[in-house]
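For reference, the chains in residue letters:
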Amino acid sequence: MNDFSRFITAILEDDQAAMNRYAQEVTRVLTDFLMIHFQVKKADAEDCAQNVLLMVISKTKAGELTPDKPPAYMLISARNEYFRLYKDQKRNGELPDHDLIESPLENPGELLVSKELKDILYYCIGKLSAGYQKLVLYMLKNPDEKAEGLARELNTSVNNIWTRKHRLNQKLMECMKKKI
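Right, let's walk through the structure included here. (Residues numbered from 1 in each chain as written. Predicted model: local features only at pLDDT ≥ 70, side-chain atom pairs only at ≥ 80, totals over all residues. Heavy atoms only, no water.)

## A word on a negative patch on the surface
Thinking step 1. A contiguous patch of negative charge, built from Asp144, Glu145, Glu148 and Glu153, is present on the exposed surface.
Thinking step 2. Structurally, aspartate 144 can be placed in the loop between helix 6 (130–141) and helix 7 (147–154). (Patch = residues over 30% accessible without salt bridge, like charges linked within 9 Å, V, L, I, M, F, W, Y side chains within 5 Å. Areas by Shrake-Rupley, 256 points an atom, 1.4 Å probe, with all protein chains shown as cover. Salt bridge = Lys/Arg side-chain N within 4 Å of Asp/Glu carboxyl O. Lys, Arg positive; Asp, Glu negative; His and termini not counted. Charge placed at Lys NZ, Arg CZ, Asp CG, Glu CD. Helix = DSSP H or I, 4+ residues; strand = E, 2+ residues; numbered from the N terminus.)

## Side note on the packing of helix 7 against helix 8 (residues 158–179)
Thinking step 1. As a packed pair, helix 7 and helix 8 sit with axes 8 Å apart at the nearest point and diverge in direction by 100 degrees. As summarised for this structure, helix 7 and helix 8 are arranged roughly perpendicular, according to the angle between their axes. Counted together, Ala147, Glu148, Leu150, Ala151 and Leu154 of helix 7 and Val158, Ile161, Trp162, Arg164 and Lys165 of helix 8 form the full contact between these two elements.
Thinking step 2. Residues belonging to the contact of helix 7 with helix 8 are distributed by class as follows: seven nonpolar, no polar and three charged. (Axes fitted to C-alpha atoms, helices over the stretch in contact; angles between N-to-C directions. Parallel < 35°, antiparallel > 145°, perpendicular 65-115°, else oblique. Contact = heavy atoms within 4.5 Å. Nonpolar A, V, L, I, M, F, W, Y, C, P; charged D, E, K, R; others polar.)

## A closer look at helix 8
Thinking step 1. The terminal C-alpha atoms of helix 8 lie 31 Å apart, and with 22 residues this matches the ideal 32 Å at 1.5 Å per residue to within 8%.
Thinking step 2. Taken residue by residue, helix 8 has Ile161, Leu168, Leu172, Cys175 and Met176 as its buried positions. Relative to the axis of helix 8, the buried residues are bounded by an arc of 95 degrees and lie together on one face. Summarising the geometry of helix 8, the exposed residues directed more than 90 degrees from the buried face are Asn159, Trp162 and Lys178. (Expected span 1.5 Å × (residues − 1). Buried < 20%, exposed > 50% of the residue type's maximum accessible area, 1.4 Å probe, protein only. Arc of directions from axis to C-beta.)

Below, the structure written as structure tokens:
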């Protein structure tokens, strides 16, 4: 059972101590998720994570959410919450068109992924076929490489690279969802 499921269970059991303990970890994971995948500012990511926790508590108490599927549900909810926040900020003129997102490198320490998530990622990479492992390792070593460069390096077409990258993302996400 992961921290997401334990959080839901603590809500159902009305265990305040456990709720507080798991809420901190779930908030950290959701915040890191938004900062890493969407380059969200830390303050905005924390706000979104808190909103998701409040929604999850409400839905769990209403009997709409059970411990069996919370990780994907909470991650998707965090993403959707950020999109709502972004649209509201954009509508209110708080974000200039050319400066959509704060650079994630302004404070690299904030973007560190927990050891647990790193271990899960490495485990999932290890489960890939040799061809996919080669692709992901090359992409990790050369993050700015364009599809044309990948195609040359791997001796294949650009369209094949796009297909491989899409499949690679799917495989890694499926594996990580199972492990989280």
